[in-house]
Amino acid sequence: MAGAEAANGRNKYAVLDPSDEPEGRRRPSAWERRSKERFVLACAIFASLNAILLGYDVGVMSGAIIYIQKDLHITEFQEEILVGCLSVVSLLGSLSGGRTSDAIGRKWTMALGAIVFQAGAAIMTFAPSFTVLMIGRLLAGVGIGFGAMVSAVYIAEISPAAARGTLTSLPEICINLGILLGYVSNYAFSGLSEHINWRIMLGVGILPSVFIGFALFVIPESPRWLMMEKRVPEARAVLLQISESEAEVEERIAEIEEAANLLKSTKSEDKAVWMELLNPSPAVRRMLYAGCGIQMFQQITGIDATVYYSPTIFRDAGIKSDQELLAATVAVGFTKTVFILVAIFLIDKVGRKPLLYVSTIGMTMCLFVLGIALTLQKHAMGLISPRIGIDLAVFAVCGNVAFFSIGMGPICWVLSSEIFPLRLRAQASALGQVGGRVSSGLVSMSFLSMARIISVAGMFFVFAVISTVSVAFVYFCVPETKGKTLEQIEMMFEGGKEWRGSEIELEDTQHLIQSSKKSVSLG
């Protein structure tokens, strides 16, 4: 078999070797390669702007809720609903966004999400009551769901395999940047009157969505979506803009066609996409375990509770004034942003799993330390000074968000956008966000109530235990996908190969491709 393949030419899934290009075909100059790399980076950055909306909302609401509570006189229960409902509602946008992005394209789905968010943010800015504020919050959540789902898929589909991990982590960087901007906005406008400051804080969130409108004139449509729509000339034109050579264009087109042809040959050909996801093959089931599981663990380890309720945490640690509380949250946002930049440089060099191990183990340690610090502040004041207790709590919160940003934050986006097959990618990525959004909403909407029962410190001990479980999940359920094309990753899941010890090799992928052509049903 290997000899026949060697005789017939290079395997479609082999890494592109410039020396194999046909004679007479001009190789791109170094300037042309850099120009195309910059264009791909620009497309990824523009697509990631949607994520700033999510991050800004998370960050700004942590401080704005202090003044909303004072201005509109809302109860603690209403506060929990207002904070947590966005996570749950955004999953509606994610679910409908998957179908919409398959119907109208990735690019225009991002535009639709920005428009819906703008409407919601405008309503919140001028809301005279809690009811109107909730209507705006729900609309903003739907818009965020649209954008967050499709941006990661779009970036994965335009990125070369060697840089896909870095580029698909850009949305997480933008989330962290949005959180930091939200914290800074809280601090900057906190000196205004309670009737005005929170409205300005929320209204500033409209600005990133305006830039998304300009981005639509720059970024092309996803070539993989164009291929799904049988618009091959347009797909080739886009690939010529983002690929280093014509040979790479033809190879990437061949990979997409190969995956599409394999999908068409399966027994589930006539099943709807959602039926395939609800009744998955073993390969798709493994993908769903990894994709949905990483989304859930990202949230049930308490990151949104840490960010949304950081003022509550620091108040429990002993900080009194609103200004000092908001200043401490700025430190958290700054730490979170800096360490996501560290992750982007490591994700395609070190790999996904090593960073996930560092992340989950580090988060577990910091969550335990935070629980201990808050316990000592409440019940053992004589053992440590109040200042040391406050510093330890701030250090633990900053450490938790730092370790999260190194691994669980960006890699969740990367895995969710790269492990699913072409036909299922948009819908499955949307489904993967359901677990994450529901988990985030449940944690956010129950944190204050549960903290009243078992204390804030008790909540972080619970998060620490869950984080310990996440380490085992990474070991058993998450494969290493560094440096593989989307189609190679698909074949890896299809083979059901044990991946805990080592990465799957190209020879294994070639064997799986041949086997799939004969008898294996792809999900």
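Computed from a predicted model, the values in this text were never measured in an experiment. (Residues numbered from 1 in each chain as written. Predicted model: local features only at pLDDT ≥ 70, side-chain atom pairs only at ≥ 80, totals over all residues. Heavy atoms only, no water.)

## Considerations on the overall build of the protein
1) Next: Across its full length, the protein carries 23 helices and zero strands.
2) Next: Nonlocal contacts in the protein, meaning residues at least 24 apart in sequence, comprise 82% of its contacts between residues at least 6 apart.
3) Next: Total accessible area on the protein stands at roughly 20100 Å², and carbon and sulfur atoms take up 67% of it. (Helix = DSSP H or I, 4+ residues; strand = E, 2+ residues; numbered from the N terminus. Contact = heavy atoms within 4.5 Å. Areas by Shrake-Rupley, 256 points an atom, 1.4 Å probe, with all protein chains shown as cover.)

## Some thoughts on the packing of aromatic side chains
1) Next: The full count for this structure, using the stated rule, is seven aromatic pairs.
2) Next: Seen from their ring centres, Phe460 and Phe463 are 5.6 Å apart, and the 75° between their planes marks the pair as edge-to-face. Note that Phe460 and Phe463 are positioned in helix α21 (residues 425–477) at a spacing of three residues, about one turn of the helix. One exposure class covers both Phe460 and Phe463, and it is buried.
3) Next: An angle of 90° between the planes, with centres 4.9 Å apart, marks the rings of Tyr475 and Phe476 as edge-to-face.
4) Next: Counting every residue linked through ring pairs, the aromatic cluster contains Tyr309, Phe447, Phe460 and Phe463. (Phe/Tyr/Trp six-rings, centres within 6.5 Å; stacked < 30°, edge-to-face > 60°. Buried < 20%, exposed > 50% of the residue type's maximum accessible area, 1.4 Å probe, protein only.)

## A look at the packing of helix α7 (residues 170–189) against helix α17 (residues 322–346)
If you want to describe how two helices pack, look at the angle between their axes and the distance between the axes.
1) Next: As a packed pair, α7 and α17 sit with axes 8 Å apart at the nearest point and diverge in direction by 160°. In this view, α7 runs roughly antiparallel relative to α17, as classed from their interaxial angle. Every pair of crossing elements has a handedness; the one defined by α7 and α17 is left-handed.
2) Next: Residue composition of the contact of α7 with α17, by class: 16 nonpolar, six polar and two charged. (Axes fitted to C-alpha atoms, helices over the stretch in contact; angles between N-to-C directions. Parallel < 35°, antiparallel > 145°, perpendicular 65-115°, else oblique. Left-handed = near helix turned anticlockwise from the far one by under 90°. Nonpolar A, V, L, I, M, F, W, Y, C, P; charged D, E, K, R; others polar.)

## Details of the environment of Met296
1) Next: Turning to its location among the elements, Met296 is positioned in helix α14 (residues 282–300).
2) Next: On the accessibility criterion, Met296 (37% relative accessible area) is partly exposed.
3) Next: For the pair Met296 and Ser440, spaced 144 residues apart in sequence, the C-alpha to C-alpha distance is 8.1 Å.
4) Next: With sequence-adjacent residues up to four places away left out, Met296 is seen in contact with Gly435, Gly436 and Ser439.

## A short note on the pattern of salt bridges
1) Next: Throughout the structure, instances matching the rule amount to seven salt bridges.
2) Next: Where Arg106 meets Asp102, a salt bridge forms, and the shortest distance between an N and an O atom there is 2.8 Å.
3) Next: According to the relative accessible area criterion, Arg106 is buried, its value standing at 0%. (Salt bridge = Lys/Arg side-chain N within 4 Å of Asp/Glu carboxyl O.)

## Points about a nonpolar patch on the surface
1) Next: Together, Leu207, Val210, Phe211 and Phe214 make up an exposed nonpolar region whose accessible area comes to about 430 Å².
2) Next: Within the secondary structure, Val210 is located in helix α9 (residues 206–215). (Patch = residues over 30% accessible without salt bridge, like charges linked within 9 Å, V, L, I, M, F, W, Y side chains within 5 Å.)

## Some thoughts on the nonpolar core
1) Next: Of all hydrophobic cores here, the largest spans 105 residues; its most connected members are Ile68, Leu133, Leu202, Leu374, Phe447 and Phe460.
2) Next: Ranked by the residues each element gives to this core, the list is headed by helix α2 (residues 30–72), at 15 residues.
3) Next: Split by domain, the residues of this core number at least three in each of domain 1 (31–218) and domain 2 (279–492).
4) Next: Once you skip the residues sitting within four places of it in the chain, Leu133 turns out to touch Ile68, Leu72, Leu82, Met124, Ala127, Trp198 and Leu202.
5) Next: With 28 residues, the next largest nonpolar core counts Met110, Leu170, Val249 and Ala343 among its residues. (Core = buried A, V, L, I, M, F, W, Y, C linked by side-chain atoms within 4.5 Å. Domains from an automatic or database assignment.)

## Concerning unusual backbone geometry
1) Next: One non-glycine residue with positive phi stands out, namely Lys230, at about 65°.
2) Next: With respect to the helices and strands, Lys230 occurs in the loop between α10 (223–228) and α11 (232–242).
3) Next: Here Lys230 falls in the exposed class, since its relative accessible area comes to 58%.
4) Next: In this structure, Ser455 takes a positive phi of about 80° despite not being glycine.
5) Next: Tracing the sequence through the fold places Ser455 in helix α21.
6) Next: Residue classification places Ser455 among the partly exposed positions, given a relative accessible area of 32%.

## Considerations on the environment of Ser446
1) Next: Turning to its location among the elements, Ser446 is positioned in helix α21.
2) Next: Look at Ser446 and you get partly exposed, because its relative accessible area is 27%.
3) Next: In this structure the C-alpha to C-alpha distance between Ser446 and Phe77, which are 369 residues apart in sequence, comes to 8.9 Å.

## Focus on helix α16 (residues 310–317)
1) Next: Of all eight residues in α16, six are buried; the element is thus mostly enclosed.
2) Next: One or two steps after α16, the chain reaches Gly318, where phi turns positive at roughly 125°.

## Comments concerning α11
1) Next: Taken together, the buried positions of α11 are occupied by Ala235, Val238, Leu239 and Ile242. Buried residues of α11, seen end-on, are gathered within an arc of 100° and therefore sit on one face of the element. (Arc of directions from axis to C-beta.)

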